[in-house]
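Observations on the model geometry
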Amino acid sequence: MEDYLEVIYELIQLKGYATTVDISNYLSVSSPSVTKMLQRLSETGHVNYEKYRGITLTDTGTAIAKSMHERHGILAEFLVMIGVDIETANHDAEGIEHHLHPETLKKLEEFIKLAKSQRLLR
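What you are looking at is a predicted structure, and each value in this text was computed from that prediction instead of being measured. (Residues numbered from 1 in each chain as written. Predicted model: local features only at pLDDT ≥ 70, side-chain atom pairs only at ≥ 80, totals over all residues. Heavy atoms only, no water.)

1. Quick notes on the nonpolar core
Ranked by internal contacts, the top residues of the largest apolar core, which has 17 residues, are Ile8, Ile23, Leu38, Val47 and Leu57. Only helix H1 (2-15), helix H3 (31-43), strand S1 (47-49) and strand S2 (55-57) provide two or more residues apiece to this core. Counting residues per element, this core draws most heavily on H1, at six residues. Leaving out residues up to four positions away in the same chain, Ile8 has contacts with Ala18, Ile23, Leu38, Val47, Ile55 and Leu57. Ile74, Ala76, Leu100 and Ile112 belong to the second-largest nonpolar core, a separate cluster that totals eight residues. (Core = buried A, V, L, I, M, F, W, Y, C linked by side-chain atoms within 4.5 Å. Buried < 20%, exposed > 50% of the residue type's maximum accessible area, 1.4 Å probe, protein only. Helix = DSSP H or I, 4+ residues; strand = E, 2+ residues; numbered from the N terminus. Contact = heavy atoms within 4.5 Å.)

And the structure:
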């Protein structure tokens, strides 16, 4: 569910809209699978979805998507800082982001800020 919300959020930020085909291509899943998940997300109040119409995030869906997007960014940035190439960092962050405790994420973010500030001082 979170992956779908994050992808919809990113597509809307990038293109101004999201389609089932875009989501299908981005996640490498079938269009029927996307449609099924969109119906479920609509029922749970995370997206506004009508078949053959646009897909928009509700306030709840947007909040979750932004949170996932930020988690992904923090993790990917950390992985790049320790020498992982950006493509691998993004791939790994996608798998890790769902399993991190909020406190762990907070500590990673603090570490990144500290490391950046020390680099600027040198």
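We are not done yet, so read on.
2. A look at the packing of aromatic side chains
Applying the stated criterion to the full structure yields one aromatic pair. Taking 5.9 Å as the distance between ring centres and 75° as the angle between the ring planes, the aromatic pair formed by Phe78 and Phe111 counts as edge-to-face. Placement of the pair is Phe78 in helix H4 (residues 59-81) and Phe111 in helix H6 (residues 102-121), with a sequence separation of 33 residues. Assessed through its relative accessible area of 42%, Phe111 is described here as partly exposed. (Phe/Tyr/Trp six-rings, centres within 6.5 Å; stacked < 30°, edge-to-face > 60°.)

3. Some thoughts on the pattern of salt bridges
In this structure the tally under the stated criterion is three salt bridges. Measuring nitrogen to oxygen at the nearest pair gives 2.4 Å for the salt bridge that ties Lys116 to Glu77. On the criterion of sequence distance, the pair formed by Lys116 in helix H6 and Glu77 in helix H4 is long-range, its members being 39 residues apart. A relative accessible area of 39% places Lys116 in the partly exposed class. By relative accessible area, which is 28% here, Glu77 ends up partly exposed. Its salt-bridge partner being Lys107, residue Glu110 comes within 3.7 Å of it at the nearest N-O pair. (Salt bridge = Lys/Arg side-chain N within 4 Å of Asp/Glu carboxyl O.)

4. Notes on unusual backbone geometry
One non-glycine residue with positive phi stands out, namely Ser28, at about 55°. With respect to the helices and strands, the residue Ser28 is situated in the loop between helix H2 (20-27) and H3.

5. Regarding the side chain of Thr35
Within the secondary structure, Thr35 is located in helix H3. When sequence neighbours within four positions are dropped, the list of residues in contact with Thr35 reads Thr20 and Tyr49.

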